[in-house]
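Listed below, chain by chain, are the residues.
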Amino acid sequence: MSSTPRNLQHPAVAGTGLARGRALRPRGKVLPEYARAHNRALVLQTLYDAKLLSRADLARETGLTRVTVSDLIAELIADGLVVERGQREGARPGKPAVMLEIDADAHHVIGLDLSEPGRFRGAVLDLRGTILQTAELPLDGRRGEQAVATVVELLDILRECTDRPVLGVGVGSPGVVDLAGIVLSAPNLGWRDVPLQQVLEYSSGLPVQVANDANTAALAEHTFGGAFGDVMVVRVGHGVGAGLLIDGVPLFGSRFAAGEIGHVVVGEGDADACACGKHGCLETWMSVPRLRARLAAAADAADSAAARAAVLRDAGKHLGMALAPVVGALNLAEIVLSGPADLLDGPLTETAVDTLRARTMAEFHGDLAVRMAANPDDIVVLGAGVLVLAAQLGVS
Ligand SMILES: [Zn+2]
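Residues numbered from 1 in each chain as written. Predicted model: local features only at pLDDT ≥ 70, side-chain atom pairs only at ≥ 80, totals over all residues. Heavy atoms only, no water.

**A look at the environment of D367**
Then comes step 1: Relative to the helices and strands, D367 is located in the loop between α12 (362–365) and β16 (369–372).
Then comes step 2: Taking the relative accessible area as the measure of exposure, D367 reaches 44% and is therefore partly exposed. (Helix = DSSP H or I, 4+ residues; strand = E, 2+ residues; numbered from the N terminus. Buried < 20%, exposed > 50% of the residue type's maximum accessible area, 1.4 Å probe, protein only.)

**Concerning the coordination of the zinc ion**
Then comes step 1: Coordination of the zinc ion by the protein comes from H263 (ND1), C274 (SG), C276 (SG) and C281 (SG), over a distance range of 2.0 to 2.3 Å.
Then comes step 2: Metal-centred angles of 100 to 122° between the 4 donor atoms at the zinc ion mark the site as tetrahedral.
Then comes step 3: Coordination of the zinc ion draws on donor residues from a single chain, spaced H-x10-C-x1-C-x4-C in sequence.
Then comes step 4: On the basis of relative accessibility, which here comes to 0%, the residue C281 falls in the buried class. (Donors = N, O, S within 2.8 Å, 3.2 Å for Na, K, Ca; no water. Tetrahedral: all angles 85-135°; square planar, octahedral: opposite > 155°, others 65-115°.)

**Quick word on the nonpolar core**
Then comes step 1: Ranked by internal contacts, the top residues of the largest apolar core, which has 45 residues, are L44, L47, L58, I73, L127 and L393.
Then comes step 2: Breaking this core down by element, the ones donating at least two residues are α1 (32–50), α2 (55–62), α3 (66–78), β3 (98–102), β5 (119–125), α6 (213–224), β12 (231–236) and α13 (379–393).
Then comes step 3: Of all the elements, α13 adds the most residues to this core, at 10 residues.
Then comes step 4: Ignoring any residue separated from it by four or fewer positions in sequence, one finds I73 in contact with V43, L47, R55, L58, V82 and L100. (Core = buried A, V, L, I, M, F, W, Y, C linked by side-chain atoms within 4.5 Å. Contact = heavy atoms within 4.5 Å.)

**Quick notes on the sheet that holds strand β10 (residues 191–194)**
Then comes step 1: In space, the 3 strands of this open sheet follow the order β8-β9-β10, with antiparallel pairing throughout. At either margin of the open sheet sits one strand with a lone partner, and together these are β8 (176–177) and β10.
Then comes step 2: The pairing of β8 with strand β9 (residues 183–186) spans 2 bridges and is classified as antiparallel. Looking at β9, one finds that V176 is bridged to S185. (Pairing = 2+ DSSP bridges.)

**Re the packing of aromatic side chains**
Then comes step 1: If you walk through the whole model with that rule in mind, you get 1 aromatic pair.
Then comes step 2: Seen from their ring centres, F120 and W191 are 6.5 Å apart, and the 45° between their planes marks the pair as tilted. Of this pair, F120 sits in strand β5 while W191 is found in strand β10, placing the two residues 71 residues apart along the sequence. In this pair, the class of F120 matches that of W191, namely buried.
Then comes step 3: Directly above the aromatic system of Y48 lies the positively charged group of R128, at a separation of 4.3 Å from the ring centroid. (Phe/Tyr/Trp six-rings, centres within 6.5 Å; stacked < 30°, edge-to-face > 60°. Lys NZ or Arg CZ within 6 Å of the ring centre and 35° of its normal.)

**Focus on the side chain of T351**
Then comes step 1: Mapping T351 onto the fold places it in helix α11 (residues 347–359).
Then comes step 2: For T351, a relative accessible area of 15% gives the class buried.

**Considerations on the pairing of strand β11 (residues 208–212)**
Then comes step 1: Among the 5 residues of β11, 5 are classified as buried, and the element is accordingly described as predominantly covered.
Then comes step 2: Here 5 bridges tie strand β7 (residues 166–173) to β11, and the two strands are oriented parallel to one another. Bridge assignment links G172 to a residue of β11, and that residue is A211.

**Examining the packing of helix α8 (residues 288–298) against helix α9 (residues 304–330)**
Then comes step 1: For the pair α8 and α9, the least separation of the axes is 8 Å and the interaxial angle reads 155°. Classed by the angle they form, the pair α8 and α9 counts as roughly antiparallel. Viewed along their axes, α8 and α9 form a crossing whose handedness is right-handed. Every residue of α9 that contacts α8 at L291, R294, L295 and A298 is listed here: S304, A307, R308, V311, L312 and A315.
Then comes step 2: When the residues that make up the contact of α8 with α9 are grouped by side-chain class, the tally is 7 nonpolar, 1 polar and 2 charged. (Axes fitted to C-alpha atoms, helices over the stretch in contact; angles between N-to-C directions. Parallel < 35°, antiparallel > 145°, perpendicular 65-115°, else oblique. Left-handed = near helix turned anticlockwise from the far one by under 90°. Nonpolar A, V, L, I, M, F, W, Y, C, P; charged D, E, K, R; others polar.)

**Focus: the sheet that holds β16**
Then comes step 1: Ordered in space as β14-β13-β12-β15-β16, the 5 strands form an open sheet in which the pairing is mixed. If you trace the sheet from one side to the other, it starts and ends with β14 (249–250) and β16, each paired once.
Then comes step 2: Pairing between strand β13 (residues 240–246) and β14: 2 bridges, direction antiparallel. Bridge pairing in β14 links I246 to V249.
Then comes step 3: Packed onto the sheet, α6 meets β12, β13, β14, β15 (334–338) and β16 and runs at close to 45° relative to β13.
Then comes step 4: On the sheet, α9 packs against β12, β13 and β15 and is oriented at approximately 160° with respect to β12.

Shown next as structure tokens:
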């Protein structure tokens, strides 16, 4: 059996990971009582970003003393998180510098994606987000406690897929999830107040982090997708939701439902009815089932290509209308879309950008982009991995 990963978590690394208003990545100095864990995370994050550094490089980059860095590196090497990779080539005269790197394959993490219709997916990842193994289980209509049992089963399968110590388990769940990993509400799975994090910790003996799938997707873009401080990821699937990171801080909202933009009304006149009882919610314009139904109808038109583009442009316009106040208020520069590329990539995205530019100050500085996610199929699984890295190591 692999060694327990819990002892890797320094007590004050509880000062990293997900918490309201806290940046994912360590920045600058903190109070002495938290200093060691914070500095450890700072060294790990610096190595994570730079890939190869010497102890002297690390001291320079972090502002920590050489002694502190050497001490922390000794601990990180003993924990199997950092490894020495030989000496720097062409080093200046004197003692050559030994290069250090994150040991990405010595520990693994497990990420679960519960957001897809009809199935649960998961993967074993290394610490760089490389997907090493995947597994999935069909839901076959299971809901409530049976769906929870399916998550437990999937996690058991994935644990058998790796012989490395597992740092922890991250889960991207649909619905509203609080900071204790309780799924307050996920109607599609029939979940209400399900303590998913606690259930999975009990069944696996591993540290577990659960977050909403759109928030999880935003973490994936932040760490692996090239999005830095500010990012809004809009997930388009059965519904429409968004995850937000502002200045490196994940946004949860007062009731943990930040980014739930699907039921913002952007219709005018005789807009379609929504499942929530209102008319013209963003989901009535943008959800995958509604878009597919409209495209199927457009296929019968005389000029079906034009009719298809018109449907997609109409959806893009309403997405732009719904997002414009958010983009304007937060001065966002980039919106990332995650969902079926055949629907999103093209007229829909182009019209969304035009609408946003026309309705915000971006019209004047032009620095607004709407793009597709870097890893659309694996975005939740990757983000679930980041949940673990942030919680256990303070790295993202
Ligand atoms: Zn609605």
